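# Secondary and tertiary structure notes
Letter by letter, the chains look like this.
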Amino acid sequence: MSSIELSQSSAEQLNPAKSTRIRLEFLDGMRGIAALYVVWFHIYLDVINTKSGIIKFPYLLNSIIEVFMSHGASSVAIFIVLSGYCLMLPVAKSSDGKLRGGVVNYIKRRARRILPPYYAALFFSLLLSALVPATLMSATGWHWNSGQPAFTLDGIL
């Protein structure tokens, strides 16, 4: 990295107003908290919940956990609203109210960012479905066993 590039990046860090990109870190933090809450909510439903859970807690502790974990749907809505707001910031900042580079370039940029991890997760899920024997999954009695045996056309669909 040359000294000119280094001084330009230092100047951008010292003067964030010149940066062309809007980044609100506190919104990223709120989105992260909402996403973590959704993960914990699903863990609660499958592991701790008094109706279907496998871990049993004393009544008082279970009641406290139940009150705290009763906002899963709201957390999903909060995450979606904050994500939509963050996606619209560049449009709101532009002078003409349009996306930089147009809709097609926007879709290309989003696809480049989202599709590789999506396909990796899909591949990993199919690999796990192929490797985990159906007899192991059917022994749990949980609600997702309706897709067993997993690595068949019916199970994948």
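Residues numbered from 1 in each chain as written. Predicted model: local features only at pLDDT ≥ 70, side-chain atom pairs only at ≥ 80, totals over all residues. Heavy atoms only, no water.

### Overview of the nonpolar core
Soluble globular proteins: nonpolar side chains tend toward being buried together. Using the following cut-off: Take the buried residues of types Ala, Val, Leu, Ile, Met, Phe, Trp, Tyr and Cys, join any two whose side-chain atoms come within 4.5 Å, and each joined set is a nonpolar core. Each residue's exposure class comes from its accessible area (1.4 Å probe, protein chains only) as a fraction of the maximum for that residue type: buried when under 20%, exposed when over 50%, partly exposed otherwise. Helix and strand labels come from DSSP, where a helix needs a run of H or I of at least four residues and a strand needs a run of E of at least two; each type is numbered from the N terminus.
In terms of nonpolar packing, the biggest core is built from six residues, these being Y37, F41, Y44, I48, I65 and M69. Residue contributions to this core peak at four residues, all from helix α2 (residues 25-48).

### Observations regarding the environment of V81
For V81, the location among the structural elements is in helix α4 (residues 72-93). The class for V81 is exposed, based on a relative accessible area of 58%. Each C-alpha atom, one on V81 and one on R31, is 9.3 Å from the other, the two residues being 50 residues apart in sequence.

### Concerning the pattern of salt bridges
The criterion, for reference: Note on definitions: salt bridges are taken to be side-chain nitrogens of Lys or Arg within 4 Å of carboxyl oxygens of Asp or Glu.
This model, assessed by the stated rule, comprises one salt bridge. A salt bridge links D28 to R31; the shortest N-O distance between them is 3.4 Å. One end of the pair is D28 and the other is R31, both in helix α2 and three residues apart, which spans about a single turn. Residue R31 is classed as partly exposed on the basis of its relative accessible area, which comes to 22%.

### Digging into the packing of α2 against helix α3 (residues 59-68)
Defined as follows: Each axis is a line fitted through C-alpha atoms, taken for helices only over the stretch in contact, and angles between the N-to-C directions span 0 to 180 degrees. In these notes the angle categories are as follows: under 35 degrees is roughly parallel, over 145 is roughly antiparallel, 65 to 115 is roughly perpendicular, and the rest is oblique. Handedness of a crossing follows from how the near helix is turned relative to the far one, being left-handed for an anticlockwise turn of less than a right angle and right-handed for a clockwise one. Contacts: residue pairs with any heavy atoms within 4.5 Å of one another.
One can describe the packing of α2 onto α3 by two numbers: an axis separation of 11 Å at closest approach and a directional angle of 140°. Of the possible angle classes, the one that applies to α2 and α3 is oblique. The way α2 lies across α3 gives a crossing that is left-handed. Packed against α2, whose contacting residues are Y37, Y44 and I48, the element α3 presents N62, I65, E66 and F68 at the interface.

### A few points about the packing of aromatic side chains
The relative placement of two aromatic rings is captured by the distance of their centres and the angle of their planes. Note the threshold: Stacked, edge-to-face and tilted are the three classes for Phe, Tyr and Trp ring pairs, Trp counted by its six-membered ring, which pair at centre distances within 6.5 Å; planes under 30 degrees apart are stacked, over 60 edge-to-face, the rest tilted.
For the coordinates displayed, the defined rule picks out three aromatic pairs. The interplanar angle of 65° and the centroid separation of 5.8 Å between the aromatic rings of Y37 and F68 together place this pair among those described as edge-to-face. Linking Y37 in helix α2 with F68 in helix α3, this pair joins segments that are 31 residues apart in sequence. A ring pair is formed by F41 and Y44, whose centres lie 6.4 Å apart and whose planes are at 35°; its orientation type is tilted. Taken together, the residues span about one helical turn, with F41 and Y44 both in helix α2 at a distance of three residues. With respect to class, F41 is no different from Y44; both count as buried.

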